[in-house]
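What follows is the residue order along each chain.
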Amino acid sequence: MSFNSLGLSDALLKAVSKKGYTIPTTIQEKAIPRILERKDVLASAQTGTGKTAGFALPIIQILAQGHSLRKRPVRALVLTPTRELAAQVYAEVKEYSAHVDINSAVIFGGVNQNPQVAKLRNGVDILVATPGRLLDLHNQKLLSLVKVEFLVLDEADRMLDMGFLKDIRKILNLMPSKRQNLLFSATFSKEIKQLASGFMRHPVIVEATPQQTTVEKINQKAYRVDKGRKLKLITKLISDGDWKQVLVFTRTKHGANRLSQKLIKSGISASAIHGNKSQNHRTKTLDGFKKATIRVLVATDIAARGLDIPLLPHVINYELPNVPEDYVHRIGRTGRAGASGEAISLVSSDELDFLKSIEKLIKQNIPSEELWGFEPSVGDVSKKEEPKKFQHGKPRPKSNKGNYKKRKRSYGAKPDRNNNA
Ligand code: AMP
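J.: Looking at this structure, how should I read the pattern of salt bridges?
T.: Proximity of charged atoms lets side chains of opposite charge pair with each other. Per the stated rule, a full pass over the model turns up 19 salt bridges. Residue lysine 221 is joined to glutamate 342 by a salt bridge in which the shortest nitrogen-to-oxygen separation is 3.2 Å. Remark: glutamate 342 occurs in strand S13 (residues 341–347) and lysine 221 occurs in strand S8 (residues 218–224); sequence separation between them is 121 residues. Judged by its relative accessible area of 12%, lysine 221 falls in the buried class. Residue classification places glutamate 342 among the buried residues on the basis of a relative accessible area of 15%. Salt-bridge contacts for aspartate 350 lead to lysine 227; the nearest nitrogen and oxygen are separated by 2.7 Å. With a gap of 123 residues between them, aspartate 350 in the loop between S13 and helix H15 (352–362) and lysine 227 in the loop between S8 and helix H10 (230–241) connect regions that are remote in the sequence. Given a relative accessible area of 30%, lysine 227 falls into the partly exposed group. A single salt-bridge network, built from bridges that share partners, covers Arg72, Arg75, Asp101, Asp125 and Glu149.

J.: Can you walk me through the packing of aromatic side chains in this structure?
T.: One pair of aromatic rings is described through two measures. These are the centre distance and the angle between the planes. Overall, the coordinates contain 3 aromatic pairs when judged by the stated rule. Between the aromatic rings of phenylalanine 55 and phenylalanine 184, the centroid separation amounts to 5.2 Å while the plane-to-plane angle is 55 degrees, which identifies the pairing as tilted. Here phenylalanine 184 lies in strand S6 (residues 180–185) and phenylalanine 55 lies in helix H3 (residues 51–64), a separation of 129 residues in the sequence. We classify phenylalanine 184 as buried; its relative accessible area is 0%. Every member of this aromatic cluster is reached through a ring pair, and the members are Phe3, Tyr21 and Tyr96. Positioned over the ring face of tyrosine 318 is lysine 230, at 5.9 Å from the centre of the ring.

J.: Looking at this model, I keep getting lost on the pairing of strand S4 (residues 126–129). Mind explaining?
T.: On a regular strand, each side chain points to the face opposite its neighbour's, so the side chains alternate between the two faces of the sheet. Judged by which residues are buried, S4 turns out to be covered on both faces: Ile126 and Val128 on one side and Leu127 and Ala129 on the other are all buried. Note that strand S2 (residues 76–79) and S4 share 4 bridges and pair parallel. Across the sheet, leucine 79 pairs through a bridge with alanine 129, a residue of S4. Summarising the sheet, strand S3 (residues 104–107) and S4 pair through 4 bridges and their orientation is parallel.

J.: Is there a simple way to think about the packing of H10 against helix H11 (residues 253–265) in this case?
T.: How two helices sit against one another is set out by the angle between their axes and by the gap between those axes. With their axes 11 Å apart at the nearest point, H10 and H11 run at an angle of 55 degrees to one another. It follows that H10 is oblique to H11 by the angle criterion. Regarding H10 and H11, the two cross each other, and that crossing is right-handed. Between H10 and H11, the residues in contact are Leu231, Ile234 and Thr235 and Leu259, Lys262 and Leu263, respectively. Here the contact of H10 with H11 is composed, by residue class, of 4 nonpolar, 1 polar and 1 charged.

J.: Just checking my understanding: could you explain the site of the ligand for this structure?
T.: The full set close to the ligand counts 15 residues, and Tyr21, Gln28, Gly48, Gly50 and Thr52 are the nearest of them. Interatomic distance of 2.8 Å between a backbone N/O atom of isoleucine 23 and a nitrogen atom of the ligand. Here an oxygen atom of the ligand sits 2.7 Å away from a polar atom, N or O, in the main chain of glycine 50. For the ligand, the accessible surface in isolation is 500 Å², of which the surrounding protein chains cover 89%. Each residue belonging to the shell around the ligand can be placed in one class, and the counts come to 6 nonpolar, 7 polar and 2 charged. Both domain 1 (3–207) and domain 2 (218–369) contribute no fewer than three residues apiece to the shell around the ligand.

Parameters and conventions
Residues numbered from 1 in each chain as written. Predicted model: local features only at pLDDT ≥ 70, side-chain atom pairs only at ≥ 80, totals over all residues. Heavy atoms only, no water. Salt bridge = Lys/Arg side-chain N within 4 Å of Asp/Glu carboxyl O. Helix = DSSP H or I, 4+ residues; strand = E, 2+ residues; numbered from the N terminus. Buried < 20%, exposed > 50% of the residue type's maximum accessible area, 1.4 Å probe, protein only. Phe/Tyr/Trp six-rings, centres within 6.5 Å; stacked < 30°, edge-to-face > 60°. Lys NZ or Arg CZ within 6 Å of the ring centre and 35° of its normal. Pairing = 2+ DSSP bridges. Axes fitted to C-alpha atoms, helices over the stretch in contact; angles between N-to-C directions. Parallel < 35°, antiparallel > 145°, perpendicular 65-115°, else oblique. Left-handed = near helix turned anticlockwise from the far one by under 90°. Contact = heavy atoms within 4.5 Å. Nonpolar A, V, L, I, M, F, W, Y, C, P; charged D, E, K, R; others polar. Near = heavy atom within 4 Å. Polar contact = N/O pair within 3.5 Å; in protein donor to acceptor, adjacent residues only side chain to side chain. Areas by Shrake-Rupley, 256 points an atom, 1.4 Å probe, with all protein chains shown as cover. Domains from an automatic or database assignment.

This is the structure:
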């Protein structure tokens, strides 16, 4: 299967080839022809499946075929749950429409509205927006949705998780009922089905098997380590492996800040990204990370959702998430669109239950290892302080750079060492 057989115009094929894509992903292969047939599409696809091109390419193609109106009203609205995702979708739309006469813009909260309003005044065909700012500008009568022909709900499940259902309903009422609807969601929960049945017309259901981005393609490992030694271990992994682009997850915003500061102190360029950071900081950080001037991006689950970092080689769970589904989202940041990646979890004894829940969810064991010099101590390993001695009474070597051997052990199914002690 090639892009040539999907019914896309030369202008779009040129943009696709400039992006370096040669083979369409499953979602693109299945969704593009149906969208071009003007069908509503309900697609199960998460970030990493190539869903953005899956909806953006056919929409751009249809819109570029005719705009007789002098003033450009918004004809396609793409709603996303987060500012980051909105910015990424917009960046892709711009690239794909490089060779056609289509204007696009992005609007989201947390930044001054004036530049966004100025752009809207110039006329916008495709508008990418988060729900809050969209309603805000609409209430101020700074934009109109009465000419919308396409509505895309991107990461619809996340939008519902984040409490946007009411806003979505309000937005649906601002558009003409005759339009083409596309809904993308990682899961088809009861709530999603309910939402979809309320406004979609006989949607074609398209599935992109999530396995291709998550569990199967990713080399997953768990390193058992004491909580108080995680910082040393992560510093060592990054330095010894000479890793240039690492995404690290923590459970809390505070933890993300603390870890990034500590990494900086050890000479590793790092930055934290989470909900309390300004939009400016988030954009700058993400940019630095993509250009590899920032080596380590420390993120919380919400902030990382929707981040588009192609071919990310390493994801580290500094702390395991207490919601097992978040593990799947986290490791989905690596091994994207066909590339393989590595996901490492640093697991302290107080997180073994989380590990078990994750293994149950993904229906596979995550191979557990201990690194020489970082073996978890017996007893209460969740204590902050670093153990002074080896378990056999020998002092821990000061440095074992480049010389740590891996000792394979099987945890999870077997009782752990602490219980045996
Ligand atoms: P998405 O799921 O839309 O966030 O896309 C995930 C990543 O895959 C993005 O970095 C895209 O640029 C990339 N991508 C999309 N389609 C393809 C394709 N056909 N071949 C290779 N990479 C792709």
